[in-house]
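Read off the chains here:
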Amino acid sequence: MRRTTFASMTAAMLVGLNPAAAEACEALRLAPGGVVAQVTDGDTVVLDSGLVVRLIGTQAPKLPLGREGFPTWPLAPEAKSALEALVLNKSVRLGFGGEEIDRYERALAHLFLDDAAESAWAQLHMVQAGLARVYSFPDNRQCLDQLFAAEAQARAERLGIWADPYYSVRAADRPAELARLAGSYELVEGRVLLADRNGSRVYLNFGRIWKEDFTVVIEAPALRLFAEDGLDPLTLDGALIRVRGWVDDRDGPRIEVTHPEQIEVLARR
């Protein structure tokens, strides 16, 4: 249900994959950054000032980073190495398009190389290489169309994570499998059997047994964002969609959608 995909997936594929620079997304507020002194993982860097920058809009495979019992996701070392090769010891600019600082005091920014001869947008580079996927927030929604288009191309070419079953797009009609993935961030595809409002929520049901089948839940704050964009999730009745988000298992597996960009419309009935 992104603006480009509420009607169809085709529009997103037509977005030019500009190799970067700030002009790739004019909505950003650009600010000086500094020199990248350290790359923590595939979506986090530390500048020479000590500022930690989370590359907003993407999620790279995760490393444990000292967390006991946390597994290394497939291709996490490769993602870190790719980002190091691109930005380490290089001067960068920061692009802000929403909330600018998170609860961990990290800057939430798009990262651009300062070198005019090698102007690159770090997020786009990582997504095009198949070493990150689009990961958005309701308070940080700028530049997503370009990233979605890059992700679609990388997935079609089975680059990086898209060749690994760990990151497969899941089927909505396999609720038992989705229930086992509770606590993980997933992309799920399927046809909406029924789009229904109950009080302040909208439910997109993918099966007839609502306590067992996969469901998308859209709460009131998210519905306000849909309305602001002129979108009505109730029109998704019968649509083939792809939804991304964290899976939980409450009355069957489900994903809570907090903003329209979590839903891509692949086909109408």
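One can find the structure itself at the top, above this paragraph.
Residues numbered from 1 in each chain as written. Predicted model: local features only at pLDDT ≥ 70, side-chain atom pairs only at ≥ 80, totals over all residues. Heavy atoms only, no water.

(A) The sheet that holds strand β3 (residues 52–55), seen in detail. Strands sit in the order β1-β2-β3-β6-β5 around a closed barrel of five strands; the barrel is mixed. Going across the sheet, the axis of each strand differs from the next one's by a mean of 60°, ignoring polarity. Of the strand pairs in this sheet, strand β2 (residues 44–47) and β3 are connected by three bridges, and their pairing is antiparallel. Bridging from a neighbouring strand, Val-45 pairs with Val-53 of β3. Docked against the sheet, helix α2 (residues 76–87) engages β1 (29–41), β2, β3 and β6 (107–113), running at close to 130° with respect to β1. (Pairing = 2+ DSSP bridges. Helix = DSSP H or I, 4+ residues; strand = E, 2+ residues; numbered from the N terminus. Axes fitted to C-alpha atoms, helices over the stretch in contact; angles between N-to-C directions. Contact = heavy atoms within 4.5 Å.)

(B) Structural detail: the pairing of strand β13 (residues 240–249). Sheet analysis places strand β9 (residues 185–191) next to β13, joined by seven bridges and oriented antiparallel. Directly across from Glu-186, in β13, lies its bridge partner Gly-245. The pairing of β13 with strand β15 (residues 263–267) spans four bridges and is antiparallel. Within the sheet, the bridge partner assigned to Leu-240 lies in β15 and is Ala-267. Strand direction decides the pairing type here: β13 and strand β14 (residues 253–257), joined by three bridges, are antiparallel. Across the sheet, residue Asp-248 finds its bridge partner in β14, namely Arg-254.

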